[in-house]
Amino acid sequence: MGDEEILDVIVVGAGPAGLACAGEAAGAGLQVIVLERGDVAGGKNLSGGRLYLEPVKDLCADLLKDAPFERPVVSETVCLCDERSSLSFRLDQPTGNSVTVLRARLDKHLANRATAKGAMVLPQQRADELVMPAGRVTGVKVGPEVLKARVVVAADGVLSFLAQQAGLRPARETHTYAVGFKEIIQLDAAVIEDRFNLPKGQGAARLYMGAVTGGLPGGGFIYTNRDSLSVGLVVQLGAVRKWRSESHLFDLLEEFKQRSDIAPLLAGGQTAEYGAHLIPEGGFGALPSPGIPGLLLAGDAAGFVLNTGPVLRGMDLALTSGVLAGRSIVAGLKARQPETCLQIYRQALKQSFIMKQMRAHKKAPIVLSSDRLYRRLPEQMVNWATDFFRVGPKGSHPRMRQAFKGLRRSLGFRGLQDLWRLMRM
Ligand SMILES: Cc1cc2nc3c(=O)[nH]c(=O)nc-3n(C[C@H](O)[C@H](O)[C@H](O)COP(=O)(O)OP(=O)(O)OC[C@H]3O[C@@H](n4cnc5c(N)ncnc54)[C@H](O)[C@@H]3O)c2cc1C
């Protein structure tokens, strides 16, 4: 690349957001490069592993064609846990609306699609800083080299250093982040289907709330892949700082795996991978502006993650914001008005499900940070269910009416208030 060559688009980050943007812009004939600091696309990326398809199936149809999905999720379970027991709600359906994915495979596929459309994906290239004369981004520095572009897209993930340099990311407090850690545990496909009671090739998602996080706001998950399980915990970072415990945070995952209601699901499996990663969970109230002249933010870099408890979504928002960023750039550059790209992108985001859903769930970060939801509520529900199913020594067991009165008593005013808040969230 010559010194004076100006590319149409530089995308920083080969995750779903960056690759979706690159595919869209390159597919429309723009000259696009993607800089990725890792050895390969997806090499440094981590996700629980569940992609909601409905929001992206039209917008990203081409990108996701023949994507290496692991299993369609046809079985959903939410488990409320105390120290030893759990109360589960399970939904089984013939078809689901999400699939499990492994990021190393998915991101490789997305990189291949973007490349096939003409983008150049360059691994082992870290963007060190923005080139920003007079407040407009005109390129990035990679080591000593300056790369120039009409538009730069920061799709560099949760700790977007570029967004920070552009002054878009305020010094966020720790309560706007969660930390997730997970293992991939190798297990035979037939064993998975047997243990999770699944038809051949179909998948399950199990979510855990309560004692599994040591009372910290957050939860646990198990997702079934083709021949492995994704097993992990996500906890709010703000609460971790105040956590007083003998255990190390990573011990929680070990304890989670050893629970008597979980260990049999994992028995005989071999840990193949282990990782930890931050998640931007500040929600609507913590969203930065999506860009400045010459720079657009997409995916985690823009804070696009929705956590509403049983549902954690970041990948579909990353893919969508990436496509919208790509389209906005195409519209602005083809009209020879690069300065309009940001306005077009802002408008596209506003009309998309991303901003609508983030606004609709804006109370989620506050409601989900209540300690009681993770300490008292699951314990109360488990206690109540224990009584509900118990037959006493004198042969008595509660009548339905007593049982439901018992539930109300057991939850008390605070518990009912928590449930009410959850329902209104
Ligand atoms: C434990 C955990 C569980 C999760 N579970 C789910 C789930 O089940 N479903 C879901 O939808 N979402 C989930 N998420 C969230 C989801 O993973 C993210 O929202 C999604 O990966 C965001 O994609 P992205 O492209 O914006 O960023 P990333 O996937 O983080 O990609 C950013 C890329 O930028 C690269 N990069 C960073 N800085 C630079 C630089 N300076 N130069 C060059 N390259 C750079 C990185 O190496 C990386 O490849 C989970 C997250 C975690 C941590």
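Residues numbered from 1 in each chain as written. Predicted model: local features only at pLDDT ≥ 70, side-chain atom pairs only at ≥ 80, totals over all residues. Heavy atoms only, no water.

(A) Main features of the environment of Ala-205. By secondary structure assignment, the location of Ala-205 is in strand E12 (residues 203-210). Spatially, the C-alpha atoms of Ala-205 and Met-425 are 22 Å apart, while their sequence positions differ by 220 residues. Residues in contact with Ala-205, not counting those within four places in the same chain, are Arg-50, Val-73, Ser-75, Glu-76, Thr-77, Ile-222 and Tyr-223. (Helix = DSSP H or I, 4+ residues; strand = E, 2+ residues; numbered from the N terminus. Contact = heavy atoms within 4.5 Å.)

(B) Local environment of a negative patch on the surface. Taken together, the side chains of Glu-83, Asp-251, Glu-255 and Glu-379 define an acidic patch exposed on the protein surface. Relative to the helices and strands, Glu-255 is located in helix H7 (residues 249-258). (Patch = residues over 30% accessible without salt bridge, like charges linked within 9 Å, V, L, I, M, F, W, Y side chains within 5 Å. Areas by Shrake-Rupley, 256 points an atom, 1.4 Å probe, with all protein chains shown as cover. Salt bridge = Lys/Arg side-chain N within 4 Å of Asp/Glu carboxyl O. Lys, Arg positive; Asp, Glu negative; His and termini not counted. Charge placed at Lys NZ, Arg CZ, Asp CG, Glu CD.)

(C) Main features of the packing of aromatic side chains. Counting across every chain of the model gives 6 aromatic pairs. Their ring planes at 35 degrees and their centres at 5.2 Å tell us that Trp-384 and Phe-388 sit as a pair that is tilted. Placement of both Trp-384 and Phe-388 in helix H13 (residues 372-389) is noted, with a separation of 4 residues, approximately one turn of the helix. Among the aromatic residues, those joined into a cluster by ring pairs are Phe-181, Phe-250 and Tyr-274. (Phe/Tyr/Trp six-rings, centres within 6.5 Å; stacked < 30°, edge-to-face > 60°.)

(D) Spotlight on the sheet that holds strand E15 (residues 270-280). With respect to topology, 7 strands assemble into an open sheet ordered E5-E4-E12-E13-E14-E11-E15, the strand pairing being mixed. Of all the strands in the sheet, just strand E5 (86-92) and E15 have a single pairing partner and so form its edges. Across the sheet, the mean angle separating the axes of adjacent strands is 15 degrees when strand polarity is ignored. In terms of strand pairing, strand E13 (residues 218-224) meets strand E14 (residues 228-236) through 7 bridges, oriented antiparallel. Note that in E14 the partner of Gly-220 across the bridge is Leu-233. (Pairing = 2+ DSSP bridges. Axes fitted to C-alpha atoms, helices over the stretch in contact; angles between N-to-C directions.)

(E) Quick peek at helix H3 (residues 103-116). With 14 residues, H3 ought to run about 20 Å at 1.5 Å a step, and its terminal C-alpha atoms sit 19 Å apart, in line with that. For H3, the complete set of buried residues consists of Arg-103, Leu-106, Asp-107, His-109, Leu-110, Ala-111 and Ala-114. Close packing links the buried residues of H3 with helix H1 (16-27), helix H2 (61-64), strand E7 (120-122) and helix H9 (315-334). A positive phi of about 115 degrees marks Gly-118, the residue just after H3. (Expected span 1.5 Å × (residues − 1). Buried < 20%, exposed > 50% of the residue type's maximum accessible area, 1.4 Å probe, protein only.)

(F) Quick look at the domain arrangement of the chain. Taken domain by domain, the chain consists of domain 1 (6-49 + 102-172 + 283-351), domain 2 (175-280) and domain 3 (367-424). Averaged C-alpha coordinates put domain 1 and domain 3 at centres separated by 46 Å. (Domains from an automatic or database assignment.)

(G) Region of the structure containing the pairing of strand E4 (residues 73-81). The buried count for E4 comes to 7 of 9 residues, which makes it a mostly enclosed element. With 8 bridges joining them, E4 and E12 adopt parallel strand pairing. Bridge pairing links Thr-77 to Arg-206 in E12. With 7 bridges joining them, E4 and E5 adopt antiparallel strand pairing. When the sheet's bridge partners are listed, Ser-75 is paired in E5 with Asp-92.

(H) Structural view of the pattern of salt bridges. Counted according to the given criterion, the structure contains 17 salt bridges. With its nearest N and O atoms 2.6 Å apart, the salt bridge here joins Arg-105 to Glu-70. One end of the pair, Arg-105, is in helix H3; the other, Glu-70, is in the loop between H2 and E4, with 35 residues separating them in the sequence. Take Glu-70: its relative accessible area is 6%, and that puts it in the buried class. One salt bridge connects Arg-71 with Glu-193, and the closest N-O pair in it is separated by 2.9 Å. Placement of Arg-71 in the loop between H2 and E4 and of Glu-193 in helix H5 (residues 189-195) is noted, with a sequence separation of 122 residues between them. Arg-71 gets classed as buried once you look at its relative accessible area, which sits at 2%. Residues participating in the shared-partner salt-bridge network are Asp-62, Arg-113 and Lys-117.

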